[in-house]
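Report on the structure
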Amino acid sequence: MGLHHKEFANAGKTSGLQVWRIENMELVPVSERWHGSFYTGDAYVILYTVKQKDRASYHLHYWLGNECSHDESTAAAIFAVQLDDYLGGKPVQYRELQGVESTAFTSYFKGGITYKTGGVASGFHHVVTNGLSAQRLLHIKGRRVVRATQVPLSWSSFNSGDCFIVDLGDKIYQWCGSKCNKFERLKAAQVARGIRDNERNSRAELVVVEEGSEPSELTDVLGVKPELSEGDDDDTEADMTNRKMAKLYMVSDASGSMKVTVVKEENPFLQSDLLSDECFILDHGKNKMIFVWKGHNANPSERKEAMKTAEGFIQQMGYPANTQIQVLPEGGETPMFKQFFLSWKDRDQSEGFGKMFVTERIARIQQVEFDASKLHESHQMAAQYNMVDDGSGDTQIWRVESSGRVPVDSNSYGQFYGGDCYIILYTYGRRQIIYTWQGASSSLDELTASAFLTVELDRSLGGNAVQVRVCQGKEPPHLLSLFKTKPLIVYKNGTSRHGGQSPPPPTRLFQIRRNLDTITRIAEVDARAASLNSNDAFLLKMADGRSYLWMGKGASKEEEKGAEYMSKVLNCVSSRITEGNEPAEFWAALGGKTEYQTSERLESQAMVHPPRLFGCSNKTGRFIIEEVPGEFTQDDLAEDDVMLLDVWDQVFVWIGRDANEVERVESVRSAKQYIETDPSGRDKLTSVVVVKQGHEPPTFTGWFLAWDPSHWDSVTRSMKSMKL
């Protein structure tokens, strides 16, 4: 392989995220604590590795700040090419530009992305102290993907329509404009907590400030507050752009210089259009997306120059400089790419590539307007998770009580109650992570105590632990991996406190689901037929002590094993039944047979088209649609928005109770256009189903793990009493 940079030796060895910054034309690793923080004057290389059994897949990004130098951006691109070569050409490569990062990239940073002014050339380095003398102002941008951008510490940077974070070192103020909405408040709180917990080691006080009620400490720093504007829409670049029909080109250097010739001008394309001896460009540039596909046997220079060729193609076609680029090896195609092909078959299904004919001309681009088509460009690879190791280190768990931390019996590790909070200490080598798990029905006092006890534990360990706050249903895969081969079990409500556990209901139902992260989750759900789902396995424990292991048509062997494990935990012997062959007493225990989530798609364990969730809003004055990155949960449904849930054979329009009329009307129209403009050959008559918050049918709720009908009431209560 030849000589390579010394940093490559540890690249991709374990699952998870690795980040390097370009400093003096060298690769310098960035501490995990600072993952998600980027200096606008710098360039970075980011590698995300997914290990599955005996194979690994890689996603390789290089990120360029708006103010980074030409030399730094060039160095980042070169290092990315060299690292790709070191990893055998297997990574999917991305070029990321500040403010327009890909959905795959943003999904790594669950707490959002923070832009910091300056960079290496400005003397800023990743050497961090307590930082209590720092003063800065962050403007919170985005709704589905949070971006916190540092702006001048002045009232001129504020507006009434957004949230801001005034960071004074020992105190962090979350300032809420009078016209900001609930969703922005929650996102601002998420970023503020991240600064407190990660950058300040929980040694700073967090205060929520409403516009018009600023404390003197703020006005001492900012001066007298002037009249503020309501804000504008320049914080969102997600407006509906004109869609071009995608085109396919072949790349060749046979003539001595790179040349691009058109293969097909209309999609969907055929997989047989791609030849292993060549490289191809799939042009979706008018929608700000370019793909480069590298055949296994393509000329080495063509493969290594793929990113450079794509950048040249963007210039030649006159596309915006911030057009996204993906470079894909043969066999490593993303769903984003495959959606443009008719009946794509993965490598183990492939019948081999055929031949194609190339016309020696460059296509003329014709403009075709389709508002909702932008949504088709943002489908991301599954399983984008940050794993620091395989979870084989040492784990200790405590339950949070008013008296302090109470050790949890190691035999019940991996079992959580929705009415409790827990503190999990994970030690690997000389490094430590503290997970603070907060149950959905835990009290405000318990939430406050969990934060205090986490800080106390961190201090007792020397103050160097990474702290991760986890809400029920949002458990990261690394936390789940700590329980070894045991599935995660979450009991509905209740508590595990001795003497404080109320008797469980006589009839109990548990949902077992194995997601794309290959870890099984078990969640207690309402014991009613509507909670069933053909895609999963369920365990029903009845009042008379009998139990049934119900196998949905699309349930997997791993989910069946999870149900069997749950039977052992509950000390019951279960009778296995399959969907459609239930005895009468099964339905009687669930209150009678009613409609539940079932479809032909769920009968197949392999989903070619995984479900996708989008948020629709006109809060900026323009109607925009953004995809929710990563796995979604019920919490991702924003009450003041309309959401689109695409499950392939139908598209749901979910209307939040606080959504306005424009959002309601535009969302239905956009759902129809989304279907009509899908480049993958979807049935144009795919149905659009409108559902209202609080009245969701099982065909909608079944796509969410452990859907809770009472969730909306608890959200309302949380918003009323939200404290930091």
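Everything in this summary refers to the structure shown in the same document. (Residues numbered from 1 in each chain as written. Predicted model: local features only at pLDDT ≥ 70, side-chain atom pairs only at ≥ 80, totals over all residues. Heavy atoms only, no water.)

Compared with an ideal rise of 1.5 Å per residue, which puts 16 residues at 22 Å, helix H12 (residues 661-676) spans 23 Å between its outermost C-alpha atoms and is within 8% of the ideal. Residues of H12 that are buried make contact with strand E30 (612-617), strand E31 (624-627), strand E32 (642-646), strand E33 (650-655) and strand E34 (687-692). Regarding H12, its N-cap is Asn-660, as a side-chain oxygen of that residue lies 3.1 Å from the backbone nitrogen of Val-662 further along. (Helix = DSSP H or I, 4+ residues; strand = E, 2+ residues; numbered from the N terminus. Expected span 1.5 Å × (residues − 1). Contact = heavy atoms within 4.5 Å. Polar contact = N/O pair within 3.5 Å; in protein donor to acceptor, adjacent residues only side chain to side chain.)

A word on the pattern of salt bridges. Going through the model one piece at a time under the given rule, you end up with 23 salt bridges. We note a salt bridge from Glu-23 to Arg-21, for which the minimum N-O separation is 2.8 Å. No difference in accessibility class separates Glu-23 from Arg-21, as the two residues are buried. Note that Lys-557 and Glu-560 form a salt bridge whose closest N and O atoms lie 3.8 Å from each other. On the criterion of helical spacing, the pair formed by Lys-557 and Glu-560 is a turn pair, its members being three residues apart in helix H10 (residues 557-569). On the basis of relative accessible area, Lys-557 is assigned to the exposed category, the value being 58%. Through salt bridges with shared partners, one network takes in Lys-492, Asp-526, Arg-528 and Asp-708. (Salt bridge = Lys/Arg side-chain N within 4 Å of Asp/Glu carboxyl O. Buried < 20%, exposed > 50% of the residue type's maximum accessible area, 1.4 Å probe, protein only.)

Take the environment of Arg-576 next. Considering the arrangement of structural elements, one finds Arg-576 in strand E29 (residues 574-578). Given the relative accessible area of 47%, Arg-576 is considered partly exposed. Residues Arg-576 and Leu-539 lie 37 residues apart in sequence; the distance between their C-alpha atoms is 9.3 Å. The contacts of Arg-576, once residues within four sequence positions are left out, are Leu-549, Met-551 and Glu-560.

Let us now look at unusual backbone geometry. In this structure, Met-25 is a non-glycine residue whose phi angle is positive, near 65°. For Met-25, a relative accessible area of 37% puts it in the partly exposed group. At Asn-571, a position not held by glycine, the phi torsion is positive, near 55°. Here Asn-571 is to be found in the loop between H10 and E29.

A few words now on the packing of aromatic side chains. Counted according to the given criterion, the structure contains 40 aromatic pairs. Ring centres of Phe-416 and Trp-437 lie 4.8 Å apart, and the angle between their planes is 25°; on these two criteria the pair is classed as stacked. Separated by 21 residues along the polypeptide, Phe-416 in strand E20 (residues 415-417) and Trp-437 in strand E22 (residues 431-438) bring together distant segments of the chain. Assessed through its relative accessible area of 1%, Phe-416 is described here as buried. Judged by its relative accessible area of 0%, Trp-437 falls in the buried class. (Phe/Tyr/Trp six-rings, centres within 6.5 Å; stacked < 30°, edge-to-face > 60°.)

Read from one edge of the open sheet, seven strands run E3-E7-E9-E8-E10-E11-E12, paired in mixed fashion. In the strand order of this sheet, the two ends are held by strand E3 (37-39) and strand E12 (205-210), each with one partner. When strand polarity is set aside, the average angle formed by the axes of neighbouring strands in this sheet is 25°. By the bridge criterion, three bridges tie strand E7 (residues 113-116) to strand E9 (residues 147-151) in an arrangement that is parallel. Paired with Ile-113 across the strands is Arg-147, a residue of E9. (Pairing = 2+ DSSP bridges. Axes fitted to C-alpha atoms, helices over the stretch in contact; angles between N-to-C directions.)

A separate point is the nonpolar core. With 40 residues, the main nonpolar core has Ile-22, Val-45, Leu-47, Leu-83, Ile-281 and Phe-313 as its most contacted residues. Residue contributions to this core peak at six residues, all from helix H6 (residues 306-317). Excluding anything up to four places from it in sequence, Val-45 contacts Gln-18, Val-19, Trp-20, Ile-22, Leu-27, Leu-60, His-61, Tyr-62, Ala-76, Phe-79 and Leu-83. (Core = buried A, V, L, I, M, F, W, Y, C linked by side-chain atoms within 4.5 Å.)

Of all six residues making up strand E15 (residues 279-284), six are buried, and the element is well covered by its neighbours. Burial of the side chains of E15 extends over both faces: Cys-279, Ile-281 and Asp-283 are buried on one face and Phe-280, Leu-282 and His-284 on the other. Bridge count for strand E13 (residues 247-252) against E15 is five bridges, and the pairing is antiparallel. What sits directly across from Met-250, in E15, is Phe-280. By the bridge criterion, six bridges tie E15 to strand E16 (residues 289-294) in an arrangement that is antiparallel. Directly across from His-284, in E16, lies its bridge partner Met-289. Connecting the antiparallel pair E15 and E16 is a turn made up of four residues, with Lys-288 showing a positive phi of about 60°.

Further remarks concern the side chain of Arg-185. For Arg-185, the location among the structural elements is in helix H3 (residues 182-199). A distance of 2.7 Å separates polar atoms of two side chains, one belonging to Arg-185 and the other to Glu-210.

Sheet strands associate in pairs through backbone hydrogen bonding, adopting either a parallel or an antiparallel arrangement. In space, the five strands of this open sheet follow the order E31-E30-E32-E33-E34, with mixed pairing throughout. Since the sheet does not close on itself, it has two edges, and those belong to E31 and E34, each with one partner. Across the sheet, the axes of successive neighbouring strands diverge by a mean angle of 25°, strand direction being ignored. For E32 and E33, the ladder comprises five bridges, and the chain directions are antiparallel. Across the sheet, Leu-644 pairs through a bridge with Val-653, a residue of E33. Sitting on the sheet, H12 touches E30, E31, E32, E33 and E34, and the angle it makes with E33 is about 170°.

Structural measurements only, silent on function.
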